[in-house]
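Structural overview
For reference, the chains in residue letters:
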Amino acid sequence: TIGNIFGVDYPTPLDASLGIPTDVDRVVLFISDGMGYNALLHHAQADPELAELVNLLTDGRGAIPITSVAPSTTVVALTSLWTGVEPVSHGMMGTVLFLREVGMLCDMLYMKPLIGAHPNGILESWGINPLTMTQIPTIAEKLAQQGISTHLVSDNGLLDTGLSKILHRGIEYKHRHFGLGDMWDSLYGVLHQTRGQKTYVSMYLPHIDMLSHVYSPLSSQVNHEIKQQLRQLHRIMTDPQIADGRTLFLFVADHGHQDAPNFIRLNSSENTAFYDYMRMPLAGDGRFGYVHLVDINTKYSHLLAINHHLFSENIILVSSQSALLRRGLFGTGTRHPEAMYRVGDVIAILRPTYRLSDIPRPVDKLVSLHAGLSEWEMFVPLLWRVI
């Protein structure tokens, strides 16, 4: 939708029935990591001030539910937001992926091997070039070809990391903030500076995601953070030094959250019948896992029978080849050349409240997760207003 506004051809803009205007000069996209549509509704129903802020930021329309991608996790969804293509095409298909280039499971958030103490971004020094990993141009690169300037407001610790190098290629101006104290001032300064210009401004905040992981998306801590973000956005977007009548403000999230207190530990003795089929630790995410089989000739029907016996109420197994080639689980676009290798042989999709685990990891301590296909994870809010 943003590309189409600026004359860049993308084939799948948001439905015209949403009424989002295209006759604007500036677009401001605010990405709030982890804010699910259901969680926003839950908090707004119990908090009149929050409900009013949603109304003010949408001219009374309220939040519109749109879907994330599968799997509904940060590295996948943000890559789709920055490239405008589906996961099957950009190839960033999970938090933990098997990369043939280095022959190991890798953490795509931090661009390092999953196992061992390695510095963030070490994969780049091992030959993984973040500039060419997706093989898809970003919207910033496409806008640059149209002569449209682009601005990013982001935390200093996130800019120029391995993932940032993948997502933020082509951005003309990067504006760093160093904490909560200067974060909103940074956004205000950029919007004041670009008032009346034909430009694209994006800002990303990870706070709701972090709080949801630790406390639950239904917690008071998340409620306070949502309200703080919307309160500050309303203050800035209605400031006469910012508003010019030609700016489209968009608010969206990459995914929501699902509380997942119920563990399925694959390496426990009662689950040996399934675990013995695994060539390596679980890849993907705890609620959307990728299983690499010891023997790729394993009869899928046999594995389904074992899954039905052990996990029939909790896990749905899908053949990776079927998901990629026939079912379109990751989208239906042109397939990234490494897609088939990165999603393993079998996909394990968890029902709500459940998570998969094998080797102990820090993520085991988190209350809430994402990446799965529940409505709490998949539905995210879209708020828009012309300012």
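Look a little higher up for the structure.
Here we summarise the structure given alongside this text. A quick note: this is a predicted structure, and the numbers were derived from the prediction, not measured.

1. Brief notes about the pattern of salt bridges
For the structure shown, the criterion picks out 17 salt bridges. Residue D160 is joined to R176 by a salt bridge in which the shortest nitrogen-to-oxygen separation is 2.5 Å. Residue D160 is located in the loop between β6 (149-155) and α8 (162-167), and its partner R176 is located in strand β7 (residues 173-177); the two are separated by 16 residues in the primary sequence. For R176, a relative accessible area of 33% gives the class partly exposed. For D358, the salt bridge goes to R361, with nearest N and O atoms at 3.2 Å. A relative accessible area of 22% places R361 in the partly exposed class. Several salt bridges share partner residues, and in doing so they unite D23, D25, K198 and R246 into one network.

2. A few points about the layout of surface pockets
Put simply, the second largest pocket is a space of about 1,000 Å³. Surrounding the second largest pocket, 34 residues form its lining, T12, L14, S80, L81 and G84 being those nearest its centre. Elements that contribute at least two residues to the lining of the second largest pocket include exactly α1 (2-5), β2 (64-67), α4 (74-83), α5 (87-90), α7 (139-145), β9 (247-252) and β18 (379-386). Partitioned by chemical class, the residues of the lining of the second largest pocket number 20 nonpolar, ten polar and four charged.

Conventions used here
- Residues numbered from 1 in each chain as written.
- Predicted model: local features only at pLDDT ≥ 70, side-chain atom pairs only at ≥ 80, totals over all residues.
- Heavy atoms only, no water.
- Salt bridge = Lys/Arg side-chain N within 4 Å of Asp/Glu carboxyl O.
- Helix = DSSP H or I, 4+ residues; strand = E, 2+ residues; numbered from the N terminus.
- Buried < 20%, exposed > 50% of the residue type's maximum accessible area, 1.4 Å probe, protein only.
- 1 Å grid on protein atoms, 1.4 Å probe; cavity = no way out; pocket = protein on both sides within 12 Å on 5 of 7 lines; lining within 4 Å.
- Points joined across faces, edges and corners; volume = space filled by probe spheres on them.
- Nonpolar A, V, L, I, M, F, W, Y, C, P; charged D, E, K, R; others polar.

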